[in-house]
Structures are given as C-alpha cells and as structure tokens.
Number of protein chains: 2
Amino acid sequence: MTQNIYDDAAFFTAYARLERSIEGLEGAIEWPALHTLLPDLKEHRVLDLGCGYGWFCRWARTEGASSVQGIDVSERMLERAASMTNDTAITYTRADLEQVELPPASFDLAYTSLAFHYLTKLDRLLAQIYRSLVPGGHLIFSVEHPIYTAPSHPGWSLSPTGQQVWPVDRYLEEGPRTTDWLAPGVIKQHRTLTTYVNLLLQTGFHLRHLEEWGPSDAQIAASPLLAQERDRPPFLLISAVRPEEATHVAE
Amino acid sequence: MTQNIYDDAAFFTAYARLERSIEGLEGAIEWPALHTLLPDLKEHRVLDLGCGYGWFCRWARTEGASSVQGIDVSERMLERAASMTNDTAITYTRADLEQVELPPASFDLAYTSLAFHYLTKLDRLLAQIYRSLVPGGHLIFSVEHPIYTAPSHPGWSLSPTGQQVWPVDRYLEEGPRTTDWLAPGVIKQHRTLTTYVNLLLQTGFHLRHLEEWGPSDAQIAASPLLAQERDRPPFLLISAVRPEEATHVAE
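Residues numbered from 1 in each chain as written. Chains lettered and ligands numbered in written order. Predicted model: local features only at pLDDT ≥ 70, side-chain atom pairs only at ≥ 80, totals over all residues.

Draft legend 1. Region of the structure containing the relation of the copies chain A and chain B. If you rotate chain A by 180° and push it 0.0 Å along the axis, it lands on chain B with an RMSD of 0.0 Å. Read as a symmetry element, the transformation amounts to a two-fold axis. When each C-alpha of chain A is compared by its distance to the rotation axis, proline 167 of chain A comes out closest, at 2.5 Å. Looking at chain A, 98% of its interface residues are interface residues in chain B too, so the copies touch through the same face. (Least-squares fit on C-alpha atoms with pLDDT ≥ 70 in both. Contact = placed C-beta atoms within 7 Å.)

What follows is the structure, given as structure tokens:
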C-alpha cells in the first residue's frame with residue numbers, strides 16, 4: 001500500500017490549515033485553469049479519485065452532476081467529507097488507489113487532483129479508470145509538474161549570476177522523491193511528462209489538452225510572489241477522453 | 001525571414017566540424033531513438049524539412065523510400081547535399097520553413113530534426129505539413145527540449161549543496177533565447193512542451209508517442225560524460241499522425 005501520509009497526525013493538521021483545505025476549490029490557485037478543462041457536468045456520473053474533503057464532489061452536484069462517487073485512502077478526510085453533506089447522490093468510499101476496483105462503464109467523468117504523483121502503479125489505475133468510463137467519457141487530472149518533482153533538492157536557489165533558478169537534476173530518473181512538505185518524509189513518485197502522456201496513450205485514451213500551469217497576470221497582481229511560479233510550473237493539467245470507438249492508431 | 005545562421009561563415013565552419021555533420025545520422029546521439037519512431041519507409045514519399053547535408057534523405061532511399069524531398073533555407077548546406085548524391089529520386093529545394101508552401105496530400109512521412117525551435121510561426125508550418133501528408137501519414141520530429149531552451153543562462157552550474165544542476169527559469173515565458181552555440185547570437189525560440197503538443201492537437205494530428213531523450217546505458221558506458229544528460233533531457237522527440245479520417249475529438 002502507498003504511504004498514507006494524509007492519516008499522519010502532523011501532516012493532517014498542517015494540511016487542514018492550507019488555503020485549499022479551508023476555502024476549498026477557490027483556495028487552490030490552479031482551480032480556475034482546471035475548471036476550464038471540465039465538460040458540462042449536467043446529468044454526469046462523476047468519479048473523484050483522491051477526493052479529500054469532498055470539495056469537488058459537492059461542487060459537481062451544484063453543477064448538475066446526477067451522482068458523484070468520491071474515493072480516498074484517508075479515513076480522517078472521508079469523515080470530514082461525510083460531515084459536510086447530506087446529499088444522498090454523493091457516495092464516499094475508502095480505498096487505496098493502487099488497488100481499487102472500479103465498476104465498468106459507469107462514469108462520464110473521472111477527476112483527480114494532485115493524487116497520481118503518490119502512486120507507484122499508475123498504469124494499473126489508468127486501466128481501471130479507462131474501463132470505468134463510458135465511451136466518450138473524460139479524464140481530467142492534475143499532478144505536480146515533473147520539473148517540480150525531479151530535483152534531489154527542490155527549492156529555489158541563486159545561480160552564480162544572481163538569478164533565482166530552479167535546480168533541475170535527475171529529471172529522467174523516475175521513482176520516489178522524499179520531501180518535507182508539511183511533514184518530514186513525504187514520498188512522491190517522480191515521472192517525466194512524457195511518461196504521463198505515453199501511459200494515457202498506451203491505455204487507449206486520446207489526449208485532448210495539456211497545460212503546464214502558471215499564475216495568470218491577475219493572480220500575480222493579487223499575490224506578487226506567485227510570479228516565480230512562471231519560472232518553473234508547479235502543476236501539470238491533462239484532459240483526455242476514452243474514444244467513442246476504440247480507434248487505436250495503426251502502428 | 002528567420003535568422004539563417006547556417007549561411008553565416010563562422011557558424012557553418014563550426015557546424016561542419018560537428019560529429020553529426022561528419023558522420024551523419026550515426027554521429028547524432030539521439031538518432032537511434034528517433035529511428036525507432038519511424039515507420040517502414042518502403043515505397044514511402046518522404047519530406048525532410050531542414051534537411052541540411054541530406055543525410056536523412058539519402059538514408060531514406062536506402063530504406064526503400066520511393067522519393068525524397070529535402071528542403072532547407074541554407075544554400076551552402078543544399079550545395080553540399082546535392083554534391084553527395086546522383087539519385088534522381090531525391091530532390092532538394094531551398095525554402096524558408098516560415099513561408100514554405102507544400103503540395104497537398106503528397107507525402108507519407110514528414111521528418112524534421114532539430115529545426116522547429118528556430119521558427120517563430122510553427123503553427124503555420126504544422127498546418128502546411130498536415131495538409132501535405134496523406135491521411136494516415138506520419139510526422140516525426142525532434143527539437144531541443146524545453147527544459148534545455150528555457151533558461152536565461154543555459155549551462156550546468158553547482159547548487160549550494162554542491163550538486164551539478166540545470167538552472168531553470170523563464171520556463172513559461174515563450175519566445176526568443178539568444179545563445180552562443182557555435183557562433184555568437186544564435187536565436188532559438190523557446191516553447192513549452194505543452195505548446196508543442198497542443199499545436200499538434202489543434203492542427204488535427206493525433207499524438208502517437210513522446211520521448212524526452214536521454215542517453216542509453218550503452219551510450220554512457222562509451223562516453224561517461226553523457227550521463228549528465230539524464231539530469232536534464234536535451235531533446236524532445238515526437239511522433240504524430242494525420243488520422244485516416246478527420247475524427248476531431250468532440251468538445
């Protein structure tokens with residue numbers, strides 16, 4: 001089983017104080033960009049993998065989703081999520097995304113925010129997601145950007161010429177990276193950008209859109225420190241679709 | 001017109017001394033990886049954009065291509081290319097890739113190696129290439145990797161902890177980068193990885209494979225210094241196809 005850092009008491013306490021935990025979707029700087037990738041949710045059956053506090057699940061219902069299935073490995077987060085709604089069209093299930101079995105052809109949209117980079121067996125989960133989508137169904141997700149996850153020592157540093165730079169090394173060495181984000185020893189899986197794309201294509205998805213997220217001018221005006229995120233994108237957003245027919249491109 | 005650095009005398013002299021100029025395809029470290037992306041060339045009509053000395057054009061004929069059209073902006077390079085073959089199935093044409101007009105539905109494969117990052121109007125050229133391919137035709141190309149082209153000051157440096165790192169900044173700021181590669185003041189266009197992918201998708205291509213190139217274990221064993229290229233990929237290789245039918249993914 002993957003490290004379940006979200007049930008670590010220190011991590012959970014720190015996580016609960018993040019803007020995105022308190023304010024929900026609006027507290028996540030990449031949300032406006034992710035939002036524009038989403039299809040119209042009316043009458044959609046939605047799956048949220050790594051649903052956390054359930055902010056997206058509840059929002060999807062306000063957008064007209066007919067049902068929402070939230071899945072998370074963290075018992076604490078699911079308890080909090082369940083306490084925030086009485087909506088019977090939202091179901092929360094505890095499962096490890098490395099091992100989850102999803103029902104076939106059951107969802108119009110699979111959504112997952114900043115969860116895939118914790119998983120070691122992403123190919124297995126992508127195959128599960130593909131199978132669980134109806135033909136024409138969408139997969140929209142965000143992960144930490146590979147430039148962000150690659151370094152041995154992530155963090156801004158000064159170049160010999162006095163420039164603030166992001167020190168990239170080990171980009172092509174995929175695998176675990178241990179960081180001290182919110183708590184010591186948090187393990188994330190670094191993958192190259194092309195691995196994300198090729199895993200999707202190999203699974204049968206068609207790629208619709210990629211975005212290396214950076215702050216908008218308005219976001220920088222409101223929070224000038226955000227400008228540095230344009231030097232090195234923190235997030236990668238991807239929109240893919242299970243094709244209507246299995247039209248694998250001829251080799 | 002794009003800067004035609006290849007007809008600059010100093011640049012041309014330095015370029016002519018590169019391993020890839022003297023030894024051709026086998027002198028280019030990324031060639032084995034690019035090679036595996038190519039379809040079987042038998043009876044294929046091949047287009048090589050930025051053909052240089054024509055190494056790929058001649059090789060394509062040995063692989064059974066029925067005809068090869070090489071295009072380059074550099075008069076010097078085309079003269080050299082023409083002097084190296086008597087094969088009437090190979091045609092060389094001088095044209096600026098920013099302005100070239102390609103004949104419709106005339107090629108089975110469009111190939112271009114390390115040329116796109118000199119162009120300012122890549123969207124225009126991609127539309128020309130798409131139109132010039134038959135349905136099912138392939139586009140295979142390499143460019144300098146966006147992590148490689150992004151920095152204000154490209155070059156390995158030492159981090160405060162003594163690590164050799166590649167100092168990334170300005171990744172999301174697309175546009176010209178001036179470097180002193182072979183000659184002072186060579187201008188390349190930095191684009192993000194997602195811009196390359198989204199331009200292809202917007203043009204109508206389907207994406208088949210992406211590769212962020214790094215040296216193989218055998219290549220590192222033969223040239224140990226190459227190992228650092230795994231810290232920051234120098235090349236991006238992409239395989240795309242003009243779909244058999246125009247099956248644009250529904251919005």
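Still to come is the rest of the account.
Draft legend 2. Summary view of the interface of chain A and chain B. Across the boundary between the two partners, chain A contributes 40 residues, which contact 40 residues of chain B. Going through the elements one at a time, strand 7 (164–168), helix 8 (193–203) and strand 10 (206–213) of chain A are the ones with two or more residues in the side of chain A that touches chain B. Per-element tally for the side of chain A that touches chain B: the top contributor is strand 10 of chain A, with seven residues. Of the residues contributing to the side of chain A that touches chain B, the split by class is 17 nonpolar, 14 polar and nine charged. Bridging between strand 7 of chain A and strand 7 (residues 164–168) of chain B involves three bridges; their strand directions are antiparallel. Bridge assignment links valine 168 of chain A to a residue of strand 7 of chain B, and that residue is tryptophan 166 of chain B. (Helix = DSSP H or I, 4+ residues; strand = E, 2+ residues; numbered from the N terminus. Nonpolar A, V, L, I, M, F, W, Y, C, P; charged D, E, K, R; others polar. Pairing = 2+ DSSP bridges.)

Draft legend 3. Expanded view of the sheet that holds strand 1 (residues 45–49) of chain B. Residues and elements named next belong to chain B. Spatial strand order, 3-2-1-4-5-11-10: seven strands in an open sheet with mixed pairing. Looking along the sheet, the strands with just one partner apiece sit at the ends: strand 3 (90–94) and strand 10 (206–213). When the angles between neighbouring strand axes are averaged without regard to direction, this sheet yields 15°. Strand direction decides the pairing type here: strand 2 (residues 67–72) and strand 3, joined by five bridges, are parallel. (Axes fitted to C-alpha atoms, helices over the stretch in contact; angles between N-to-C directions.)

Draft legend 4. Spatial organisation of the sheet that holds strand 7 of chain B. The strand order 6(A)-7(A)-7(B)-6(B) describes an open sheet built from four strands, whose pairing is antiparallel. Looking at strand neighbours, the two that pair on one side only are strand 6 (157–158) of chain A together with strand 6 (157–158) of chain B, the edges of this open sheet. Inspection of the sheet shows strand 6 of chain B paired to strand 7 of chain B by two bridges, in the antiparallel sense. Directly across from leucine 158 of chain B, in strand 7 of chain B, lies its bridge partner glutamine 164 of chain B.

Draft legend 5. Representation of the pairing of strand 9 (residues 186–190) of chain B within the structure. Residues and elements named next belong to chain B. By the bridge criterion, five bridges tie strand 8 (residues 175–179) to strand 9 in an arrangement that is antiparallel. Residue threonine 179 lies in a different strand from strand 9, and its bridge partner there is valine 186. The antiparallel pairing of strand 8 with strand 9 creates a hairpin that spans six residues between the two strands, and leucine 182 there sits at a positive phi of about 70°.

Draft legend 6. Quick peek at unusual backbone geometry. Look at leucine 114 of chain A: it is not a glycine, yet its phi comes out positive at around 50°. Residue position: leucine 114 of chain A is located in the loop between strand 4 (107–113) and helix 6 (122–132).

Draft legend 7. Seen up close, the nonpolar core. Counting residues in each nonpolar core, the largest one holds 104 residues, and the members touching the most others are Val46 and Ala110 of chain A together with Val46 and Ala110 of chain B. Filtering out sequence-adjacent residues up to four positions away, valine 46 of chain B remains in contact with Leu41, Ala60, Ala65, Val68, Phe107, Leu109 and Tyr111 of chain B. Residues Tyr148 and Trp166 of chain A together with Val168 and Tyr171 of chain B belong to the second largest nonpolar core, which totals 16 residues. (Core = buried A, V, L, I, M, F, W, Y, C linked by C-beta atoms within 7 Å. Buried ≥ 20, exposed ≤ 12 C-beta atoms within 10 Å, placed from the backbone.)

Draft legend 8. Fine view of the environment of arginine 61 of chain A. Residue and element names in this part refer to chain A. Assignment of secondary structure puts arginine 61 in helix 4 (residues 55–62). The class for arginine 61 is partly exposed, based on 18 C-beta atoms found within 10 Å. As a C-alpha pair, arginine 61 and arginine 45 span 16 residues in sequence and 9.8 Å in three-dimensional space. Residues in contact with arginine 61, not counting those within four places in the same chain, are Val68, Asp87, Ala89 and Ile90.

Draft legend 9. A look at the environment of arginine 131 of chain A. All names here are of chain A. Structurally, arginine 131 is set in helix 6. Residue class for arginine 131 comes out partly exposed when judged on the 16 C-beta atoms lying within 10 Å of it. The sequence separation of arginine 131 and arginine 242 amounts to 111 residues, and the corresponding C-alpha distance is 8.9 Å.

Draft legend 10. Main features of the packing of helix 6 (residues 122–132) of chain B against helix 8 (residues 193–203) of chain B. All names here are of chain B. Between helix 6 and helix 8, the shortest axis-to-axis distance is 10 Å and the interhelical angle comes to 45°. Of the possible angle classes, the one that applies to helix 6 and helix 8 is oblique. Crossing geometry of helix 6 relative to helix 8 is assigned as right-handed. Mapping the contact onto sequence places Leu122, Asp123, Leu126, Ala127 and Tyr130 in helix 6 and Leu199, Leu200 and Thr203 in helix 8. Residue composition of the contact of helix 6 with helix 8, grouped by class: six nonpolar, one polar and one charged. (Parallel < 35°, antiparallel > 145°, perpendicular 65-115°, else oblique. Left-handed = near helix turned anticlockwise from the far one by under 90°.)

Draft legend 11. Examining the pairing of strand 11 (residues 235–241) of chain A more closely. All names here are of chain A. Within strand 11, seven of the seven residues are buried, which leaves the element mostly enclosed by the surrounding structure. The side-chain alternation of strand 11 yields two buried faces, one formed by Phe235, Leu237, Ser239 and Val241 and the other by Leu236, Ile238 and Ala240. Summarising the sheet, strand 10 and strand 11 pair through seven bridges and their orientation is antiparallel. Across the sheet, residue glutamate 212 finds its bridge partner in strand 11, namely leucine 236.

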